[in-house]
Amino acid sequence: MTWSIVAHDRDTGEIGVAVATRFFAVGAIVPHVEPGVGAIATQALVNPFYGIDGMKLLRAGLPAAEAMARLLELDAGRASRQVHMIDAAGRSVAHTGGNCVDWAGHVVHEGFSVAGNMLAGERVVRDTAAAFAATKGRKLAERCLAALEAGEAAGGDKRGKQAAAIRIHATEPWPALDIRVDDHPDPLPELRRLYQVSQER
């Protein structure tokens, strides 16, 4: 029902999550971000503790792969979960459970990962990743926006559109950017408009 990107900018230290879906208020449940620690997106049959407990593990110094392994080991419902994360060193890892609704899958690259389920097809994830990679050098939020837009152009959530969000942290404990569109017939253009407003301040 959702696709998202989790990313880290090694040059600026920014880290964040961007997500879009046909689901109400996705920005309230999917993204978990903490500066100097990591970023996590928990989706499919959402288990919020992947974000809560995952952050605790990353905060304790575990690399992303080890944190993920511990989370999955403790969750009897892991076959219905999709989660991906990146740690402060830029190491990414992802899990797509076998019971996630097709199309479901993920790609992991250096410094970012993309994951989605209930999508129009594999191209959604592939094009999201390609757009993010192609915008290297731009602000992290701009890259995430461009990535989501490319994924939507490839078909996005096969059920339609409803909500989108971006949460980016720099070095402060509060977000450098936290914008959400909770219920809208075309959320990504509205998310871009909100981003542009935030840059005019």
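Here, the structure is the one placed above.
Thresholds applied
- Residues numbered from 1 in each chain as written.
- Predicted model: local features only at pLDDT ≥ 70, side-chain atom pairs only at ≥ 80, totals over all residues.
- Heavy atoms only, no water.
- Helix = DSSP H or I, 4+ residues; strand = E, 2+ residues; numbered from the N terminus.
- Buried < 20%, exposed > 50% of the residue type's maximum accessible area, 1.4 Å probe, protein only.
- Contact = heavy atoms within 4.5 Å.
- Pairing = 2+ DSSP bridges.
- Axes fitted to C-alpha atoms, helices over the stretch in contact; angles between N-to-C directions.
- Polar contact = N/O pair within 3.5 Å; in protein donor to acceptor, adjacent residues only side chain to side chain.
- Phe/Tyr/Trp six-rings, centres within 6.5 Å; stacked < 30°, edge-to-face > 60°.

A. Looking closely at the environment of Asp-178. By the secondary structure assignment, Asp-178 is in strand 10 (residues 177-181). What makes Asp-178 partly exposed here is its relative accessible area of 41%. The sequence separation of Asp-178 and Tyr-195 amounts to 17 residues, and the corresponding C-alpha distance is 9.2 Å. Dropping the residues within four chain positions of it, Asp-178 is found in contact with Ile-166 and Arg-167.

B. The arrangement of the sheet that holds strand 6 (residues 92-96) in detail. Pairing within the open sheet is antiparallel, and its 4 strands lie in the order 3-4-5-6. With partners counted over all chains shown, the strands left at the sheet margins are strand 3 (31-34) and strand 6, one partner each. Strand-to-strand twist across the sheet, computed as the mean angle between neighbouring axes with direction ignored, equals 5°. Judged from the 5 bridges that link them, strand 5 (residues 81-87) and strand 6 form a sheet pairing that is antiparallel. Looking at the pairing, Val-83 lines up with His-95 of strand 6. Where helix 1 (residues 49-59) meets the sheet, its contacts fall on strand 3, strand 4 (38-44) and strand 5, and the angle it forms with strand 4 comes to roughly 155°. On the sheet, helix 2 (residues 64-74) packs against strand 5 and strand 6 and is oriented at approximately 150° with respect to strand 5.

C. Local environment of the side chain of Thr-2. As for its position among the elements, Thr-2 is in strand 1 (residues 2-8). Among the polar contacts listed, one links the side chain of Thr-2 to the side chain of Thr-21, at a separation of 3.0 Å.

D. Layout of the packing of aromatic side chains. Enumeration over the complete set of coordinates arrives at 1 aromatic pair. With a centroid separation of 4.7 Å and an interplanar angle of 50°, the aromatic rings of Phe-112 and Phe-132 are classed as tilted. Placement of Phe-112 in strand 8 (residues 112-117) and of Phe-132 in helix 3 (residues 122-134) is noted, with a sequence separation of 20 residues between them. Judged by its relative accessible area of 1%, Phe-132 is buried.

E. Local environment of the sheet that holds strand 9 (residues 163-169). Pairing in this open sheet of 6 strands is antiparallel, and the strands run 7-8-1-2-9-10 from one edge to the other. Each edge of the open sheet carries a strand with a single partner, namely strand 7 (105-109) and strand 10. Direction aside, the axes of adjacent strands within the sheet are offset by 5° on average. Summarising the sheet, strand 1 and strand 2 (residues 15-21) pair through 7 bridges and their orientation is antiparallel. Counted as the bridge partner of Val-6 is Val-17 from strand 2. Across the sheet, helix 5 (residues 187-199) touches strand 2, strand 9 and strand 10, and the angle it forms with strand 10 is around 145°.

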